[in-house]
Amino acid sequence: MSDIPLGVLDLVPISSGSTAADALRNSIDLARQTERFGYARYWFAEHHLNPGVAGTSPAVVLALTAAATSTIRLGSGAVQLGHRTALSTVEEFGLIDALHPGRLDLGLGRSGGRPPGERATIATAIPVVDGRAPNGLLIPPRFSFEHLLGSPRVALQRKLLLLPNAEPQDYAEQIDDILALLAGTYRSPEGIEAHVVPGEGADVEVWILGSSGGQSAETAGARGVRFAANYHVSPATVLEAVEGYRSFFQPSESLDKPYVTVSADVVVAEDDATARELATGYGLWVRSIRTAEGAIPYPTPQEARTHAWHDKDRALVQDRLDTRFVGSPSRVADQLEQLQQATGADELLITTITHAHEDRVRSYELLAQEWQRRP
């Protein structure tokens, strides 16, 4: 499968007993290491008010990482446009591109401090029977975020991210503004030009991230930009997301046919038992996110085992646990091949969290070695 590139998605997780500074140093080190292992790109996510996640500003972390690496592509997965402007986004990435030209991916997402809610969906022609795609990939029941809609903590995040009385710009319109500012073709309704320096003409790849076949997939396809679908966040809707994007696709100057990467949660170790042990903390960590508590510092296996699980707890995390790929290099590579075949992905985006940094680095190393061996 060496013809299907692997990338990295990093949340800059903070492990229990460590600090945000430790997490940032670990992420920069992991970027260096995965560059050496042969990964194609390294993306940073954006999250806020999470005690266990230090990735609050992709552009800042990208700038730090660009100075410490030389060849791997670096990007955002994603800049959340709900609390930003098109101009500020292009300016930030233009600054980084000025010193590190030709290495940046500008990944764009919709969130602005509000929970996903019930997503728009499209009918998919890919049959799912008894929770499985035709090739056996697990497609679990759709997870509902309805319980988060009235969360005081979610409301507070939105309040703190947005200026008083501000409302996000229409998403598709904001994407159009970003593309126009990058291309140097922006005109206001009154005909006034705007030229961003640095930023205009920046050699960046624009990506849109989406979890369903709704607005994000439609916007990416209609504008002919690359699309990233989230199997690791919303496995129930990954097939409709990629199919929706392809159905809306129109060729553009930068892309003549659809191009998709699909994310997966992965932990690899020398054997299955070791990998399962390293992955023990994941369920408790996901639970903290889906209860609106905010991602906790990533627990050790021993810390995670102290939690008393109840049926309501398990229902919050079961889809994420069931669709995580954990095991030996050959087992996980087989599962990733299945994901790639089911979605037709051009690339795969790997996100791995373990408590110990060295285990995380080793997981990426073992996967890269196995992936490169496969025809």
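If you're wondering where the values come from, they're calculated on a predicted model, not measured in any experiment.

> Sorry, what's going on with the side chain of R73 here?
Looking at where R73 falls in the secondary structure, it is placed in strand β3 (residues 73–76). Among the polar contacts listed, one links the side chain of R73 to the backbone oxygen of G102, at a separation of 3.0 Å. Polar contacts involving the side chain of R73 include one to the main-chain carbonyl oxygen of L104, which spans 2.7 Å. Leave out the neighbours within four places in its chain, and R73 touches A40, R41, Y42, G102, R103, L104, D105 and E205.

> Help me understand helix α5 (residues 171–183) in this model?
The α-helix advances 3.6 residues per turn, and as a result positions three or four apart in sequence lie on the same side. An ideal rise of 1.5 Å per residue puts 18 Å on 13 residues; α5 measures up with 18 Å between its terminal C-alpha atoms. Buried within α5 we find Y171, A172, Q174, I175, D177, I178, A180, L181 and L182. Of the surrounding elements, those touching the buried residues of α5 are α3 (86–99), β5 (104–109), β6 (204–210) and α6 (215–222). Put simply, D170 is the residue that caps the front of α5, since its side-chain oxygen is 3.4 Å from the backbone nitrogen of A172. Positioned one or two residues after α5, G184 has a phi angle of 80°, which is positive.

> Where do I start with the pairing of strand β10 (residues 347–351) in this structure?
Every other side chain in a regular strand lies on the same face of the sheet, so the side chains alternate between the two faces. Across the five residues of β10, five count as buried, placing the element largely inside the fold. The alternating pattern of β10 places E347, L349 and T351 and L348 and I350 on opposite faces, both of which are buried. Where strand β1 (residues 6–10) lies against β10, three bridges are found, and the strand directions are parallel. When the sheet's bridge partners are listed, V8 is paired in β10 with I350. Two strands pair when backbone bridges link them, and strand β8 (residues 260–268) and β10 are joined in this way by five bridges, in the parallel orientation. Bridged to S263 within β10 is L349.

> Got a minute to help me understand the pairing of β5 in this structure?
Among the six residues in β5, six count as buried, and that is most of the element. Here β5 shows no split at all, with L104, L106 and L108 on one side and D105, G107 and G109 on the other all buried. Sheet topology places β3 next to β5; two bridges connect them, and they run parallel. Bridging from a neighbouring strand, L74 pairs with L104 of β5. Here strand β4 (residues 79–80) pairs with β5 via two bridges, running parallel. Considered in β5, the bridge of Q80 is made with G109. Viewed along the sheet, the connection from β4 through α3 into β5 turns out right-handed.

The rules behind these values
Residues numbered from 1 in each chain as written. Predicted model: local features only at pLDDT ≥ 70, side-chain atom pairs only at ≥ 80, totals over all residues. Heavy atoms only, no water. Helix = DSSP H or I, 4+ residues; strand = E, 2+ residues; numbered from the N terminus. Polar contact = N/O pair within 3.5 Å; in protein donor to acceptor, adjacent residues only side chain to side chain. Contact = heavy atoms within 4.5 Å. Expected span 1.5 Å × (residues − 1). Buried < 20%, exposed > 50% of the residue type's maximum accessible area, 1.4 Å probe, protein only. Pairing = 2+ DSSP bridges. Right-handed = clockwise from strand over helix to strand, strands pointing away.

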